[in-house]
Amino acid sequence: MPTNEEEMVVEIFLPIEEQEFQSVADEQIFFQSYFSIYPMVMTRVTGNFTEQSQIKYWELFEYLNRNSLEQRTPVFVEYKRTPANNTYVEMSVGI
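Residues numbered from 1 in each chain as written. Predicted model: local features only at pLDDT ≥ 70, side-chain atom pairs only at ≥ 80, totals over all residues. Heavy atoms only, no water.

Here helix H1 (residues 49–66) is 18 residues long and its end C-alpha atoms lie 25 Å apart, about the 26 Å a rise of 1.5 Å per residue gives. Every buried residue belonging to H1 is among Ser53, Lys56, Tyr57, Leu60, Phe61 and Leu64, and all of these are buried. One face of H1 carries all of its buried residues, which in axial projection span an arc of 135 degrees. Those residues of H1 that are buried are in contact with strand S1 (40–45), strand S2 (75–81) and strand S3 (87–94). Capping the start of H1, Asn48 holds a side-chain oxygen 3.1 Å from the backbone nitrogen of Thr50, two or three residues further along. Positive phi appears at Ser68, one or two residues downstream of H1, with a value of about 50 degrees. (Helix = DSSP H or I, 4+ residues; strand = E, 2+ residues; numbered from the N terminus. Expected span 1.5 Å × (residues − 1). Buried < 20%, exposed > 50% of the residue type's maximum accessible area, 1.4 Å probe, protein only. Arc of directions from axis to C-beta. Contact = heavy atoms within 4.5 Å. Polar contact = N/O pair within 3.5 Å; in protein donor to acceptor, adjacent residues only side chain to side chain.)

Turning our eyes to something else, we now look at the pairing of S1. Residue alternation in S1 divides its side chains into a buried set, Val41, Thr43 and Val45, and an unburied set, Met40, Met42 and Arg44. Strand direction decides the pairing type here: S1 and S3, joined by 6 bridges, are antiparallel. Looking at the pairing, Val45 lines up with Val89 of S3. (Pairing = 2+ DSSP bridges.)

Moving on, we get to the pairing of S2. Across 7 bridges, the pairing between S2 and S3 is antiparallel. In the sheet register, Glu78 faces S3, and the bridge partner there is Glu90. The loop that links S2 with its antiparallel partner S3 comprises 5 residues; one of these, Asn85, has a positive phi angle of about 70 degrees.

Phi is positive for Ser68, close to 50 degrees, though the residue is something other than glycine. For Ser68, a relative accessible area of 68% puts it in the exposed group. Despite not being glycine, Asn85 has its phi angle at roughly 70 degrees, a positive value. Relative to the elements of secondary structure, Asn85 occurs in the loop between S2 and S3.

Structure below.
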């Protein structure tokens with residue numbers, strides 16, 4: 001569950017095509033192979049990401065609370081494109 005702490009640890013999941021990578025000085029990078037999570041609750045951001053991402057983020061947790069669901073993963077944020085080349089963002093959490 002999100003908190004109002006000033007500092008937050010964030011995990012970012014990105015596809016890696018390279019066989020090797022190097023971290024920037026003072027940066028901690030940990031590699032984990034791809035995995036699948038089921039079931040998940042997902043929402044989509046199609047408009048102003050800066051404004052809508054905060055709204056959608058809290059909507060996910062309100063949905064979990066309303067339906068007595070337990071969060072089992074961090075929130076995943078994926079940038080995607082439609083076949084018409086429009087960008088959108090999917091935000092999901094494993095339950």
